[in-house]
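# Close look at the chain arrangement
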4 protein chains.
Amino acid sequence: MCRFLVYKGRNPILLSDLILNPTHSILTQSYDCRLRLDHRRPHNGDGFGVGYYTSPTLSLEPCIFTSTTPAWNCINLARIAKKTVSPLVFAHVRATTTGALSESNCHPFSFHSLMFMHNGHIAGFRSVKRRLVESLRDEYFLMVEGSTDSEWAFAVFLDTLHTMGYDPKLPRENGFGHTVLRQAILKTIERLNSFLDASGITEPSLLNFAATDGHSVICTRYVSSRTDEAASLYFSSGTRFHEYKPGGFYRMERHDRGQDLVMVASEPLTFERGDWVTVPTNSILTIHKQTVLIHPIVDKYYQENPSFVRSQGYAESLGMVGRGPGEAAEKVGKEKLVEEGRRLSEIVDVV
Amino acid sequence: MCRFLVYKGRNPILLSDLILNPTHSILTQSYDCRLRLDHRRPHNGDGFGVGYYTSPTLSLEPCIFTSTTPAWNCINLARIAKKTVSPLVFAHVRATTTGALSESNCHPFSFHSLMFMHNGHIAGFRSVKRRLVESLRDEYFLMVEGSTDSEWAFAVFLDTLHTMGYDPKLPRENGFGHTVLRQAILKTIERLNSFLDASGITEPSLLNFAATDGHSVICTRYVSSRTDEAASLYFSSGTRFHEYKPGGFYRMERHDRGQDLVMVASEPLTFERGDWVTVPTNSILTIHKQTVLIHPIVDKYYQENPSFVRSQGYAESLGMVGRGPGEAAEKVGKEKLVEEGRRLSEIVDVV
Amino acid sequence: MCRFLVYKGRNPILLSDLILNPTHSILTQSYDCRLRLDHRRPHNGDGFGVGYYTSPTLSLEPCIFTSTTPAWNCINLARIAKKTVSPLVFAHVRATTTGALSESNCHPFSFHSLMFMHNGHIAGFRSVKRRLVESLRDEYFLMVEGSTDSEWAFAVFLDTLHTMGYDPKLPRENGFGHTVLRQAILKTIERLNSFLDASGITEPSLLNFAATDGHSVICTRYVSSRTDEAASLYFSSGTRFHEYKPGGFYRMERHDRGQDLVMVASEPLTFERGDWVTVPTNSILTIHKQTVLIHPIVDKYYQENPSFVRSQGYAESLGMVGRGPGEAAEKVGKEKLVEEGRRLSEIVDVV
Amino acid sequence: MCRFLVYKGRNPILLSDLILNPTHSILTQSYDCRLRLDHRRPHNGDGFGVGYYTSPTLSLEPCIFTSTTPAWNCINLARIAKKTVSPLVFAHVRATTTGALSESNCHPFSFHSLMFMHNGHIAGFRSVKRRLVESLRDEYFLMVEGSTDSEWAFAVFLDTLHTMGYDPKLPRENGFGHTVLRQAILKTIERLNSFLDASGITEPSLLNFAATDGHSVICTRYVSSRTDEAASLYFSSGTRFHEYKPGGFYRMERHDRGQDLVMVASEPLTFERGDWVTVPTNSILTIHKQTVLIHPIVDKYYQENPSFVRSQGYAESLGMVGRGPGEAAEKVGKEKLVEEGRRLSEIVDVV
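Naming follows an unreviewed UniProt entry, where chain A appears as N-terminal nucleophile aminohydrolase of Ascodesmis nigricans.

This paragraph deals with the overall build of chain A. Helices and strands together make up the secondary structure of chain A, namely 10 helices and 15 strands. Going through the 351 residues of chain A one by one, you find that 65% of them count as buried.

Moving on, we get to the pairing of strand β15 (residues 291-296) of chain C. Residues and elements named next belong to chain C. As paired strands, strand β14 (residues 283-288) and β15 are joined by 6 bridges and run antiparallel to one another. Pairing of Ile284 across the sheet is with His295, part of β15. Between the antiparallel neighbours β14 and β15 lie 2 residues, among them Lys289 with a positive phi of about 50°.

With that out of the way, let us pick up the confidence of the model for chain A. Interpretation of this model should avoid reading the predicted coordinates in detail wherever pLDDT is low. All names here are of chain A. Per-residue pLDDT for chain A averages 87, and the proportion of residues at 70 or more is 87%. Scored below 50 in pLDDT, residues 335-351 makes 49 contacts in the model with residues more than four places away or belonging to other chains. Predicted complex, confidence summary: ipTM 0.88, pTM 0.91.

Okay, the relation of the copies chain A and chain C next. Here chain A sits on chain C after a turn of 180° about the axis and a move of 0.0 Å along it, with an RMSD of 0.0 Å. Read as a symmetry element, the transformation amounts to a two-fold axis. A high fraction, 100%, of the interface residues of chain A reappear at the interface in chain C, so the copies pair face to face through one surface.

On to the packing of helix α4 (residues 125-134) of chain D against helix α6 (residues 149-163) of chain D. Residues and elements named next belong to chain D. Relative orientation of the contacting elements α4 and α6 amounts to 30°, with a least axis distance of 11 Å. Taken together, the axis directions place α4 and α6 in an arrangement best described as roughly parallel. The way α4 lies across α6 gives a crossing that is left-handed. Between α4 and α6, the residues in contact are Phe125, Lys129, Leu132 and Val133 and Asp149, Trp152 and Val156, respectively. Partitioning the contact of α4 with α6 into residue classes produces 5 nonpolar, no polar and 2 charged.

Note on helix geometry: an α-helix contains 3.6 residues per turn, so any two residues three or four positions apart are oriented the same way. All names here are of chain D. For α6, with 15 residues, the first-to-last C-alpha span of 21 Å sits near the 21 Å given by 1.5 Å per residue. In terms of burial, α6 is largely enclosed, as 14 of its 15 residues are buried. Of the residues trailing α6, Gly165 is marked for its positive phi of about 100°.

As a further point, take the pattern of salt bridges. All names here are of chain A. In the structure shown here, the tally under the stated rule is 45 salt bridges over all chains. A salt bridge links Glu139 to Lys169; the shortest N-O distance between them is 2.7 Å. With Glu139 in helix α5 (residues 138-143) and Lys169 in the loop between α6 (149-163) and α7 (178-198), the pair connects residues that are 30 residues apart, well separated along the chain. Residue classification places Lys169 among the partly exposed residues on the basis of a relative accessible area of 31%. Members of the salt-bridge network, linked through shared partners, are Arg137, Asp159 and Arg191.

In this section: the interface of chain A and chain C. Accessible area lost when the parts come together is the quantity often used to give the size of an interface. Between chain A and chain C, the contact holds 18 residues from the first and 18 residues from the second. With both sides pooled, the region where chain A packs onto chain C buries about 1,500 Å², and carbon together with sulfur makes up 57% of that total. Between the two partners, chain A and chain C, sit 0 salt bridges. Across the chain A-chain C interface, the total number found is 6 residue pairs in polar contact (both at pLDDT 80 or more). The residue makeup of the side of chain A that touches chain C, split by class, is 9 nonpolar, 5 polar and 4 charged.

Take the packing of aromatic side chains next. For the structure on display, the rule yields 42 aromatic pairs over all chains. When the centroid spacing of 5.8 Å and the interplanar angle of 65° are considered together, the rings of Phe111 of chain B and Tyr140 of chain B count as edge-to-face. Placement of the pair is Phe111 of chain B in strand β5 (residues 109-111) and Tyr140 of chain B in helix α5 (residues 138-143), with a sequence separation of 29 residues. In this pair, the class of Phe111 of chain B matches that of Tyr140 of chain B, namely buried. With a centroid separation of 6.4 Å and 20° between ring planes, the pair formed by Phe154 of chain D and Phe157 of chain D is classed as stacked. Within this pair, Phe154 of chain D and its partner Phe157 of chain D are both found in helix α6, separated by 3 residues, close to a single helical turn. Comparing Phe154 of chain D with Phe157 of chain D, the two get one shared label, buried. Cluster of aromatic residues (ring-pair linked, three or more members): Phe109, Phe116, Phe154, Phe157 and Phe209 of chain A. The ring of Tyr244 of chain A carries the charged tip of Arg251 of chain A above its face, separated from the ring centre by 3.7 Å.

Let us look at the sheet that holds strand β2 (residues 48-52) of chain C. All names here are of chain C. Within the open sheet, the 7 strands sit side by side as β3-β2-β4-β1-β12-β9-β13. Their pairing is antiparallel. A single partner strand is all that each edge strand has here, and the edge strands are β3 (63-67) and β13 (277-278). Here strand β9 (residues 234-238) pairs with β13 via 2 bridges, running antiparallel. Pairing of Phe235 across the sheet is with Val277, part of β13.

Sheet architecture is open: 7 strands sit in the order β3-β2-β4-β1-β12-β9-β13 (chain A), paired in antiparallel fashion. This sheet does not close on itself; its edge strands, each paired only once, are β3 (63-67) and β13 (277-278) of chain A.

So, about the environment of Ile185 of chain B. Mapping Ile185 of chain B onto the fold places it in helix α7 (residues 178-198). Each C-alpha atom of the pair Ile185 of chain B and Leu161 of chain B lies 8.6 Å from the other, and the pair is 24 residues apart in sequence.

Below, the discussion takes up the side chain of Asn193 of chain B. Residues and elements named next belong to chain B. In this structure, Asn193 sits in helix α7. Taking the relative accessible area as the measure of exposure, Asn193 reaches 8% and is therefore buried. When residues no more than four places from it in sequence are discounted, the contact partners of Asn193 are Tyr222, Ser224, Asp299 and Tyr301.

Residues and elements named next belong to chain B. In contact at an axis separation of 9 Å, helix α6 (residues 149-163) and α7 are set at 125° when each is read in the N-to-C sense. In terms of axis orientation, α6 runs oblique to α7. α7 is crossed by α6, and the crossing has right-handed handedness. From α6, Ala153, Val156, Phe157, Asp159, Thr160 and Leu161 reach across to α7, where they touch Val180, Leu181, Ala184, Ile185, Lys187, Thr188, Arg191, Leu192 and Phe195. Across the contact of α6 with α7, the residue classes tally to 10 nonpolar, 2 polar and 3 charged.

With that settled, the discussion passes to the environment of Ser194 of chain D. All names here are of chain D. Within the secondary structure, Ser194 sits in helix α7 (residues 178-198). Each C-alpha atom, one on Ser194 and one on Asn105, is 25 Å from the other, the two residues being 89 residues apart in sequence. Among the polar contacts listed, one links the side chain of Ser194 to the backbone oxygen of Arg191, at a separation of 2.7 Å.

What follows covers the side chain of Asn119 of chain C. Residue placement: Asn119 of chain C occurs in strand β6 (residues 114-121). Here Cys2 of chain C takes part through its backbone oxygen, which lies 3.1 Å from a polar atom of the side chain of Asn119 of chain C.

Before going further, it helps to spend a moment on unusual backbone geometry. In this chain, His107 of chain B is followed by Pro108 of chain B through a cis amide linkage whose omega measures -10°. Looking at the element boundaries, Pro108 of chain B is found in the loop between β4 (85-93) and β5. A positive phi angle, close to 50°, is found at Lys289 of chain C, a residue other than glycine. Locating Lys289 of chain C in the fold gives a position in the loop between β14 and β15. Positive phi, close to 55°, is recorded for Asn282 of chain D, a residue that is not glycine. Examined against the element boundaries, Asn282 of chain D turns out to sit in the loop between β13 (277-278) and β14 (283-288). Judged by relative accessible area, which is 2%, Asn282 of chain D ranks as buried.

Rules and cut-offs
Residues numbered from 1 in each chain as written. Chains lettered and ligands numbered in written order. Predicted model: local features only at pLDDT ≥ 70, side-chain atom pairs only at ≥ 80, totals over all residues. Heavy atoms only, no water. Helix = DSSP H or I, 4+ residues; strand = E, 2+ residues; numbered from the N terminus. Buried < 20%, exposed > 50% of the residue type's maximum accessible area, 1.4 Å probe, protein only. Pairing = 2+ DSSP bridges. pLDDT = per-residue confidence, 0-100. Contact = heavy atoms within 4.5 Å. Least-squares fit on C-alpha atoms with pLDDT ≥ 70 in both. Axes fitted to C-alpha atoms, helices over the stretch in contact; angles between N-to-C directions. Parallel < 35°, antiparallel > 145°, perpendicular 65-115°, else oblique. Left-handed = near helix turned anticlockwise from the far one by under 90°. Nonpolar A, V, L, I, M, F, W, Y, C, P; charged D, E, K, R; others polar. Expected span 1.5 Å × (residues − 1). Salt bridge = Lys/Arg side-chain N within 4 Å of Asp/Glu carboxyl O. Buried area = accessible area lost by both parts, 1.4 Å probe. Polar contact = N/O pair within 3.5 Å; in protein donor to acceptor, adjacent residues only side chain to side chain. Phe/Tyr/Trp six-rings, centres within 6.5 Å; stacked < 30°, edge-to-face > 60°. Lys NZ or Arg CZ within 6 Å of the ring centre and 35° of its normal.

What follows is the structure, given as structure tokens:
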């Protein structure tokens, strides 16, 4: 039930235009029940994180802000988001049914210039963990501070990059290159699948990853199953993402054919049907200089039959399916949002 | 959208039987959206508190445990609740649309042997605050640490008790007596109404209070309106509250005519229709030695017409109406709860 | 025992060069006992705050980051400080013997474009509070969220500015002007003294304030006594503040006669004797375009005799005296600092 | 620089008599610089924990309360300690130079009926970790949630107990027996030493452990060196530990020859010279039914020469030496403590 969000733009965006303001921002997604499919569980209130690159003259490494306070209550997040701009932002809200609430468990994770986050889970992780741990170089084995499957997946990613000849500790001015990152993510999935196979785990894993070196961004939408649907993933691109009507009504503008910014998100940030495109299941999305590339991930879980409809049941049962903009707008009653917003702000400290 | 809960028993109860385990415990209430009427707002994730009396030989004062961590994430709450028993317990989960997240703002509030909590709000509090503040003795004016209308209502209650000749700093071995506490709460409401009138506030205030001196408990269900409904309030009494089926299925047993325990709650803790009784709007409930008394609050907001149906709209718009056990069971599909419970525990760290 | 720090420069500084790195940074000050005069009390571990102005095109208001985590444990502070630059920074570490640990109680406080912090205390505050509260306009009375004397002093400052004809809610592009701010601070002290007199408080108050509108900065070093010394305050100015030797050894460089940056601090950030100047007791320091002006505060606590030596006893008993750079260097053994630093970093998780 | 404390009594003690009130309680130890030998580092402000057994009819498992708030600021700790009694208590304040501040890293650790804490460090832990991890059964490998060497040492202890034929998941009504626990701790040290040897670590490890099954308590004072001194450890036993003079002046009373309670602590809780005995280096202390047994740990680090004086330098450099009661009393000026205490409480919110 976690949600993540990626922004990559030619120009910096004010974080609040991404995280706080849109009607269906990553904050709202987590607690507005009309939008959530899973009504039984607590919310994405188990910590959050934002990672963003600042000017390269300051640092090649991202700035990470994480907290175990629910995002909607974090006054520092609200203050910082209103005063910070960045051309490349990762944001994540976390929900968990097991595992400790701890800053060490908040995404995005980072290592030198690299940043990583995960929406999903490694099935049967307790059975897989020792194999995974033993496969790592010492430095990535020792890097892990928390207790999530996601941080260990990040360790596998770094170790894989290292094996490919790219030391993650040595950032390059123009990054590692999108081809290298894409290969590293694909091999990470391959390694995870091999651990799952060796441990006899047959329950599908949901592996929506996002990784970046500060230049290119790689996102996957992946499930280790031929018949089940993956966790949801959408993207949007255009010239300008702006508030066309007060109250959080944002829209993507598109001028010419050029793209100035790309967003990828577990759920659309707005209810504009035309603005969001579904990323196909078991594919890998690359953002390189604001250009979006999508490749299928062709392995044993690849569905060759284009008309096959994967079952949503499993991903839904884990709360991993976000509503598309059309369905969500219908559910919420888009026209009424402004009024509701006004109503709320008039109430003083309702207990 | 806050929720509160009172337990008063001849015998101590293990806190987890009250707070953690029941299918519709105060924890679950806050985040299970099928039970919530207000789907737009965040949850009761803005802190919580538990107050309980221990052996009188240890102290006449309650032990208070509060936290700004959402109750469902507070590992200390879970640990303590499993190892602590008490014959008189207050519990509160907080939701707020304004005001800081701060331990100082968590209920229950306490002062020497007295404990107090509030579910509702004082309408137009910013307009009323100065009058309220100026009416207080210095010691209660100086006592307030946080920024909630509820803590200031507690200060009015203490000041009122003082005016009646009972110094709140001087606990008595058998308490102040239920008549005194009841009068003090009624006069507190009277004073709040006079501030509201003087400030020209016409929007209704929702004043569900719970107060105790460690012996008697007083609860109100009150709205300063002749036509609107108050925030919901239920009670249950019997001989034994116990889990008759694994998975959090609790039921109230009743042997003979005696009552051994009483619970009062913003929402029923279980789906057993026969176990929960609605407290009438604008009335005051007294628990004295496990006996429940209910008196109407007869003032200008009293409805003499017994067949008049108050409008739920206002309380609902503030998220202050909990579903009764029948309606809630229907919504949740009571039979399926055990299975769902099992499902959840099998999932490892779903992100 | 709080400590504060102000930076105002022609050019932005990286926050970590101010807050984290210097050998005697505001973080180190709080816990290195060789530098502390008061050895009995806990440390400045009761929360901290940083406020900084970003580009005026983003906002005229400062960005505030506060936390109740001790500054030395706040991983977000370390991350943000390394990636954030600003030309005007306030920082504060808090220690308190009473009053709740709460984000609402952390300095700096802000209101629109204005920022404020306090090192010291209002003597007999409980006796003074009601007079103070009653003297305020509603909007400043209602603004206060926490329970510190300092936040109420800020409310008096805002109210005073308002009375002078400057609405704090209406920031001006070039600020309110240093003359206006200076007058407002002086009148704030006057008002506080009048409350103290009316309440018959004779114990001295320590009123080291820092206030800014994003353009000019005003700092006071003040005690309401003719014979006692105020809490310590130092300043340093020059062309460049930089690390001349690895290990946190910073020095102020001075080229020509121009000043490019000014720092004001409860304690010097370095052990360079020539870099820090003591601000005289009961005077007001103004930074306007990197120029420093110091005026005496001439009221009934003014000491006309220039050779009179005020007693340090009172300020010391409250932990309000920081060692000057010479004395501190002697105490610490400056030469050994680098080695110690290295030693520490080699130790893994000493429990 | 961590500190720990064990209480085992025939009768329950009020936690505040142990943790909050004594002049040199575990809270005060951490921040009173006159008592600390290491003046350079931050304090034991990196979280704390208390573990205590309640009535066996409630549970055979201890109740654990941990927090990352500095102990002196934790209002919940103060409230709970004043209302909770227990016959067997562990308490720990944590200081760390590396590693995240996280509840998962707070001691004491527990597993079913067993409780464990550590004062010291495993030298070169990063080099040793993989060997340690690989030596564990899956269940103890998977149990570890945090990132401290201490929690991994606990996992080795549990695994060792399991190897000895005692499943830690199956508590016994009268515990595992002091002989079993003592053997398990000794073998744990043996295993840790073998990992250190295999990794070529020659720097000494400081292994002061405390372990209990709710019945017997085992404590070690140990260093993996023949010439260096271990971290300090003291014990005290008698009939009654009580406050003989207001202001936190506690003393151990001894009637007859019987012992009703035993305390073991990194530093004495009082300045009474006659009340505290030093535990010899490299020995193991057993508390069984209030009887104290001390055995030497005879391995390659055992010093046969009784007049050999181990060097304090290493332990001191790590902040692991507490002052004995005599030296501490001298340093503090015991007579003046009451007055100072009074002074402090009069000061309102010194910032």
